[in-house]
Amino acid sequence: MSAITPKEWICPDCTISVLPFYMHELPCLSDNDSLHQELNENINTIDIHLQELGNKETQLKIMHINTQSMVSTFDGLLTTLSQYPFDIITMSETRLKDNDLLLQHLTIPGYCHTFHNRDRTRGGGVGVYLKE
């Protein structure tokens, strides 16, 4: 019996969000062409994830992220939270050490946080942000 090769599947609704210029104006298109203007407007207004979160305002919204180093991905997390209203954010592979100044830098206004850091020199660690 041969081994089954795993197949990669990408949600067709999520595919647009992985493109490098998602949610950006398309400056190379002519402003005089109405089709191009409509395309720019649609790209900037359609976000099914944000619409879905907005439809569920009374429900708990949870996000998990494998940060692969909290320090290097923290700005991206702040950008995500500025757009998407999550109540709980859990993180794995934070790779943080018990350094009070570093942990203060990772404070997000409106959230309280806790981290469980690993003693190993590489990898590990988990954390959580809870909306106040």
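Think of each chain on its own: its residues are numbered from 1, step by step along the sequence as written. Residue-level local features of this predicted model are given only where pLDDT is at least 70; pairs of side-chain atoms are given and counted only at 80 or more, and the full residue set underlies all totals for whole chains, interfaces and linings. To get the side-chain values, take all heavy atoms of the structure and skip hydrogens and water.

Labelled according to an unreviewed UniProt entry, the protein chain appears under the name Endonuclease/exonuclease/phosphatase domain-containing protein, originating from Paramuricea clavata.

### Things to note about the sheet that holds strand 2 (residues 88–92)
Read across the open sheet, the four strands follow the order 1-2-4-3; overall the sheet is mixed. Strand pairing shows two members of the sheet lacking a second neighbour, strand 1 (62–66) and strand 3 (111–116), which therefore form its edges. On average, each strand axis in the sheet is tilted by 15 degrees relative to the strand beside it, whichever way the strands run. When DSSP finds two or more bridges between a pair of strands, those strands are recorded as paired. Going along the chain from the N terminus, every DSSP run of H or I of four or more residues is numbered as a helix, and every run of E of two or more is numbered as a strand. Pairing of strand 2 with strand 4 (residues 126–131), which is carried by five bridges, proceeds in the antiparallel orientation. The residue of strand 4 that forms the bridge with Ile-89 is Tyr-129. Two residues qualify as a contact provided that any one of their heavy atoms is within 4.5 Å of a heavy atom in the partner residue. Angles shown run from 0 to 180 degrees and are taken between the N-to-C directions of axes, each axis being a line fitted to C-alpha atoms and, for helices, limited to the stretch in contact. Contacting strand 1, strand 2, strand 3 and strand 4, helix 3 (residues 70–83) runs over the sheet at an angle of about 160 degrees to strand 2.

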